[in-house]
Amino acid sequence: MKAQAVVIFAIIMLFLIIAVIVPFFMIMNSTPSSSQQGKSAYDPSIQLQGYQVNEVLKGNPFIYYNSSSLPYIRFYYYSTIIPFNITSIMYFHGTWSAATGNIIVSGNYNLYLPKYVQNYPILIITSLGNIFLLNPNTSVIMSSVISGIAKPDVAFIGIAINGSKTFAVSINIDISGKTQITPVICEMKSGTYILSTPNSTIFLPQYSLTGKFENWTTIGRVSVSDTESKSTELTVFGTGLVTIVYLMNTQKYPVTISQEGIILENNYGNSPSISSLNASIPISIDNITYSLEQKITVNLTYGYHIIVFPSPVNITYNYTLYGYTVKDGEIDEYKINSYNSNYMISKSNNEFIIYVNSSGYLNINYSIQERYYLVEFKNNFQLIQPYSFFQHNYAIFIHNTSPVYGDIAGQLLQLCINGKNETFGPINSYQLEKVYLAQGSYNVTYNYLFQLNGNFTIEYYNWLDWPVSSNQTYQLIISYPIGVDYGFENPDNILGNGTGNYTALTVNSPLIVVDNQCWKYGVSSNPTGSLPSSILSNSFNSLYSLVIFPFYLIRKNKGQTNAIAFFMLLIIVIAIGVPLLLYESTFHQNSIVQNTITNNYVTIKNDEYKSVTLGHPSIYYNYNGSIDFLYVNSTVSFPINLEIRQIDYFTNGIWRNLTTFANGSSIDYPITVTQNSEFSIPKSVSGDPIVIISEYGNMFYLVLNSSIGPMPLQSTKGGVIILSQIQGNKGIYTTRVNITTNIDTKKENFTTPVTFTNDTGSFFVDAPEYAYAINASGFPYTGYFHNWIVLGNAKVNSTKSSDIEVTLEGSGVSLIANYTLINAKINLTLYTNATRPIYIGIDGHKYQINGEQIISVTAGYVNLTELTPAYNITKSTEICTYGFDGWEYGKTYTILPSILLFIPPNSTPASISIYYEHLYNYYTISISNNISYNPVLTLNSTTYSSGSYWIKEGMYNILAFGYVGIVKATIFDYWGHSTNIYFQNYTLGSTIVYIDGPGSIEAYWSFGYIQPLP
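Teacher, can you tell me more about the overall build of the protein here?
A count of helices and strands for the protein gives four helices and 78 strands. Counting over 1014 residues, the protein shows a buried share of 45%. If you sum the accessible surface of the protein, you get close to 51900 Å²; carbon and sulfur atoms cover 52% of it.

In structure tokens form, the structure reads like this:
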């Protein structure tokens, strides 16, 4: 009996639970009618708030704050007048105070404010709970909706007070560990937060002002525990505004800025003297340019200031010596050497940041880094005068097809400048070449011969001015250097003569250098046994080369048992049922909260997009090369003002900004469309796909003869455009991907962006899993497929799958494959077999690789470029050249110098090998002949004079100048064994010589056709 009683008790308790507790939870979680009534009243309020904000941002009314001596707010309606009920207007003068009470604006109206509001930011608070913040002389720049939602918006503003002026500034603030920069609106739950700023002092270089933290001020349902502490507690009850205030210091101090070391005087020095052509040097103080001679005094406000001095700076002087002046004869390069000041200074290169807290000074010391002098080069061509007394007294050209005397164009004099040979001389005839050379000595390494082609006739006379021989005509004449003179005013110093044998050119002042050349050799037009004219300009067989590409890659009685069973059942019901009821309650409440959260920006953006698709306005890309905006179906919804931030067109694989109209006038963005409009675009752009980007971020893609929104046109055929983009934190990157579609009946691959004329029918389109875009510096952005964006009228079976089915509805549509940017990092191991460090580019950055190195890169596509195509190993008699051979990644091997590899985000550490191979050698070859004439010979098309040269291994056609009897070539092989090659050159034909080691080539002369002039 006892056991049965227990069972009966358990059954009774179970029924009690079911009959009492469950209904209790249901009653407690049901929404009372009063709540439903409140919600019925609440929802329209939220809708009205959003509608008011949307209308104001559309310019209905347009609100402008004129902060003049008689401040007022201008309200102007562009369309239907909607009463604007203002609860209060507040202004900030260290704290927020009321400027007006309740006002209703019901038309175009100037609302005048008290004079004391001038130059202060204001807040317009409406009866719907909206807040509009305006700076002096601006229109609405920021709005926030006040409502009782669970996560209200809190706005943070930075204010700087400078005497009578107040303006917004950007300030770093920290909200419980999260950094923000004002002005900013944050979505925050009700509660307490730690609010602080790291900036006790701020510097505003654009205003040349420094300020210190003053206090925090709040309005709305927010408060701070300590208004005068940089770090305080912020309590959020609802929507509100928090202002951080800085007081700018306006006290000014005289600061003297000076420089020493730069000569800016006239007639400085005695012999020589220099006169500066620069009266001052430019310096920048807080981005304002000043002219500094020796010193300048400026009044600067208390705090930080940025002063930038030029370094290096070049000063040009007129150079005078012995009464003779060379204009622009000297240039001195100055650099900052040291500085001294009574201020605390932070220096970076030539930029000085000083902290002014009293009157003081900043002195910069310059020193000469390099001194340059003007050196003028000229040529002096002549005939040798006189000749032997018994033969000729002088000779003249009586006929010449080109100038033959004086300063004829020709850069013949070769000097060694910083280890590199450079030639100098006039580029144009009778016009000096002027160059600036640093003070010092320069070796004259060679003086070249010069030749002229044409017809030249010379006549010779004796001392009695009688012609002594018949005239001689030459088709080619060759000069020979007879001496180089140089000097300051008069070039009376001799450097030397011939092709070599020169002393160093010392540059300690401006100089004139004269290269004297005489016409010494000539080729007669048709002398006996003379060379055919084709010999004068030799052409040789090209050197054959071989390119090798390697293939390298778980009992006592029955009653007790029943009782225990019922108790267990009771526990299970309580343990499972109650949590489930609590979960359902929480879930239901959360869904109610979430449904009340509104995002004003998204609402405005969606309203704009909906308005355009409903025809307010419709956008049509016309065949005639215009973009038409037409307001239609006005009974459906309210028309908007469409503000266009930019228009881009797609050409040559790149989206470019449209900057001009068809008439050539510049487009002044943003463009506001308020009525039916037509924009004509240039013919060069007409026909290209375009995208119209609105102020709220909507992107309207169109192809030629397509539209978005209804158009009253005879033809509404719009077509299909398929695009692709990567969406990151900092914006959208356009990209090109290969998509597969059967829009044209059969399955084909296309590269985005691609357009089709279809406006009806169904088709499928498939986009790849990954996409990439490369910026100008070579960094690749990789994205993985996220969704399809459909702009226009079309049905799709899914937007989350990369392969979708599309059904067209008779008008244009844009399908955008949207990818999400990959930011994951992976380690990349690079190995090279190069025997010296090499450089490679990875995603636009330069790295040195020596053996093996691990580098962290962004996963996805990696852009690799070899930056060391070849390198040399130099020995005493040979130079071994090694060249880039290829990349190896997994089973992939490529010889391309620049590659784009795909490394998946979830891949194991990747490894890439960079290989180099031996290409060829250069050997030292000594070239000489048995006479002093140069040049000696040519190897292929290169001319060599006597001396030792680095010559690349290989087969060469050798040709000695003149009528050479024997040429001897001695070449050493790999083991150092020499081989002598002798060949005769009587026919002046080319002969083959193989260079596969160091050696020498010597030519033995007999006689030749290049003859001295008589």
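Moving on from the model shown.
Looking at this structure, I do not really get the UniProt feature "transmembrane region" (unreviewed entry) in the protein. What am I missing?
The sites that UniProt annotates as "transmembrane region" (unreviewed entry) are residues 6-27, 75-96 and 563-583. Helix makes up 0% of residues 75-96 and strand 55%, whereas the separation of the span's terminal C-alpha atoms amounts to 22 Å.

Would you explain the sheet that holds strand β28 (residues 344-348) in this entry?
Pairing between sheet strands relies on hydrogen bonds along the backbone, with the strands arranged either parallel or antiparallel. Reading across from one edge, β23-β22-β25-β29-β28 is the order of the five strands in this open sheet, with antiparallel pairing throughout. Taken across any chain shown, the strands that pair with only one partner, and hence form the sheet edges, are β23 (288-292) and β28. Shown here is a sheet whose adjacent strand axes are inclined to one another by a mean of 25°, direction ignored. As defined by bridge partners, strand β22 (residues 281-285) adjoins β23 across five bridges and the pair is classed as antiparallel. Across the sheet, isoleucine 283 pairs through a bridge with tyrosine 290, a residue of β23.

Teacher, can you tell me more about the environment of proline 837 here?
Structurally, the position occupied by proline 837 is in the loop between β60 (825-832) and β61 (838-842). Put simply, proline 837 and glutamine 848 are eleven residues apart on the chain and 6.4 Å apart in space, counted from C-alpha to C-alpha.

Would you take a moment to explain the sheet that holds strand β50 (residues 706-708) for this structure?
Taking strand neighbours across the sheet as the criterion, the four strands line up as β47-β43-β42-β50 in an open arrangement whose pairing is antiparallel. Looking at which strands have only one partner, the edges of the open sheet turn out to be β47 (677-680) and β50. Across the sheet, the mean angle from the axis of one strand to that of its neighbour is 15°, orientation sign disregarded. For strand β42 (residues 618-621) and β50, the ladder comprises three bridges, and the chain directions are antiparallel. For tyrosine 621, the partnering residue across the bridge sits in β50 and is serine 706.

Could you clarify how one ought to interpret the nonpolar core in this entry?
If you look at the biggest cluster of nonpolar residues, it comprises 54 residues, and the most contacted ones within it are Ile257 and Phe309. When residues of this core are assigned to their parent elements, the largest contribution, seven residues, is made by strand β30 (residues 360-382). If we ignore the near neighbours within four places in the chain, the residues touching isoleucine 257 are Ile283, Ile285, Leu292, Gln294, Lys295, Ile296, Val298, Ile307, Phe309 and Leu362.

Mind showing me how you'd approach the packing of aromatic side chains here?
Two aromatic rings are characterised by how far apart their centres lie and by the angle between their planes. All chains considered together, the criterion is met by 37 aromatic pairs. Relative to phenylalanine 84, the ring of phenylalanine 75 lies with its centre 5.9 Å away and its plane at 50°, an arrangement referred to as tilted. Taken individually, phenylalanine 75 and phenylalanine 84 each receive the classification buried, so the pair is uniform in this respect. Residue placement shows lysine 846 over the ring face of tyrosine 839; its charged tip is 4.5 Å from the ring centre.

Teacher, can you tell me more about the pattern of salt bridges here?
A pair can form between side chains of opposite charge whenever their charged atoms are brought close. Taken as a whole, this structure holds five salt bridges when the rule is applied. Measuring nitrogen to oxygen at the nearest pair gives 3.1 Å for the salt bridge that ties aspartate 332 to arginine 371. In this pair, aspartate 332 sits in strand β27 (residues 324-341) while arginine 371 sits in strand β30, placing the two residues 39 residues apart along the sequence. The exposure class of arginine 371 is partly exposed, given its relative accessible area of 24%. In this structure, lysine 875 and glutamate 878 form a salt bridge, with 4.0 Å as the shortest nitrogen-oxygen distance. By relative accessible area, which is 45% here, lysine 875 ends up partly exposed. Salt bridges linked by common partners bring Glu330, Asp332 and Arg371 together as one network.

Explain unusual backbone geometry to me, please; I cannot follow it from the model alone.
Leaving glycine out, the prevailing phi sign among residues is negative, and the prevailing peptide bond configuration is trans. The amide bond that connects serine 311 to the next residue, proline 312, takes the cis arrangement and shows omega of 0°. Along the chain, the position of proline 312 falls in the loop between β25 (303-308) and β26 (313-321). Between tyrosine 669 and the following residue, proline 670, the backbone shows a cis peptide bond with an omega angle of 0°. Looking at the secondary structure, you find proline 670 in the loop between β45 (654-657) and β46 (671-673). You will see that aspartate 328, though not glycine, has its phi angle at about 55°, which is positive. By secondary structure assignment, the location of aspartate 328 is in strand β27.

Before we go on, may I ask you to explain the side chain of serine 284 in this structure?
For serine 284, the position within the fold is in strand β22. Separated by 3.4 Å, the side chain of serine 284 and the backbone nitrogen of asparagine 287 make a polar contact. Among residues more than four places away in sequence, those in contact with serine 284 are Thr289, Ile306, Ile307 and Val308.

I'm lost on a nonpolar patch on the surface in this one. Help?
Residues Phe62, Tyr76 and Tyr78 make up a contiguous nonpolar surface patch of roughly 280 Å² in combined accessible area. Among the structural elements, phenylalanine 62 can be located in strand β1 (residues 62-66).

I'm lost on the confidence of the model for the protein in this one. Help?
Low pLDDT means the predicted atomic positions in that stretch should not be read closely. For the protein, the average pLDDT comes to 77, and 78% of its residues sit at 70 or higher. Confidence drops under pLDDT 50 across residues 141-151; counting only partners more than four residues distant or on other chains, this segment forms 44 contacts. This model gives residues 386-391 a pLDDT under 50, and the stretch forms eight contacts once residues within four places in sequence are excluded.

What's the story with the environment of threonine 881 in this structure? I'm lost.
Here threonine 881 lies in strand β66 (residues 878-889). According to the relative accessible area criterion, threonine 881 is buried, its value standing at 3%. In this structure the C-alpha to C-alpha distance between threonine 881 and alanine 870, which are eleven residues apart in sequence, comes to 6.8 Å. When neighbours within four sequence positions are excluded, threonine 881 is seen to be in contact with Ala870, Tyr871, Asn872, Glu917, His918, Leu919, Tyr920, Asn921 and Tyr922.

Please explain the environment of valine 720 as it appears in this structure.
Of note, valine 720 is situated in strand β51 (residues 720-728). Exposure remark for valine 720: the relative accessible area of 0% places this residue in the buried category. Remark: the alpha-carbon pair of valine 720 and asparagine 758, spanning 38 residues in sequence, is separated by 6.2 Å. Apart from residues lying up to four places away in sequence, valine 720 is in contact with Ile743, Val754, Thr755, Phe756, Asn758, Phe763, Leu808, Val813 and Leu815.

I'm lost on the pairing of strand β29 (residues 351-356) in this one. Help?
Looking along a regular strand, one sees the side chains alternate between the two faces of the sheet. The sheet contact formed by β25 and β29 spans six bridges and is antiparallel. Looking across to β29, one finds that valine 308 is bridged to glutamate 351. With five bridges joining them, β28 and β29 adopt antiparallel strand pairing. Bridge pairing in β29 places methionine 344 opposite tyrosine 355. In textbook terms, the turn of a hairpin is the stretch between consecutive antiparallel strands, and for β28 and β29 this stretch comprises two residues, one of which, asparagine 349, has a positive phi near 55°.

The rules behind these values
Residues numbered from 1 in each chain as written. Predicted model: local features only at pLDDT ≥ 70, side-chain atom pairs only at ≥ 80, totals over all residues. Heavy atoms only, no water. Helix = DSSP H or I, 4+ residues; strand = E, 2+ residues; numbered from the N terminus. Buried < 20%, exposed > 50% of the residue type's maximum accessible area, 1.4 Å probe, protein only. Areas by Shrake-Rupley, 256 points an atom, 1.4 Å probe, with all protein chains shown as cover. UniProt positions renumbered as here; feature names shortened; annotations may be inferred. Pairing = 2+ DSSP bridges. Axes fitted to C-alpha atoms, helices over the stretch in contact; angles between N-to-C directions. Core = buried A, V, L, I, M, F, W, Y, C linked by side-chain atoms within 4.5 Å. Contact = heavy atoms within 4.5 Å. Phe/Tyr/Trp six-rings, centres within 6.5 Å; stacked < 30°, edge-to-face > 60°. Lys NZ or Arg CZ within 6 Å of the ring centre and 35° of its normal. Salt bridge = Lys/Arg side-chain N within 4 Å of Asp/Glu carboxyl O. Polar contact = N/O pair within 3.5 Å; in protein donor to acceptor, adjacent residues only side chain to side chain. Patch = residues over 30% accessible without salt bridge, like charges linked within 9 Å, V, L, I, M, F, W, Y side chains within 5 Å. pLDDT = per-residue confidence, 0-100.

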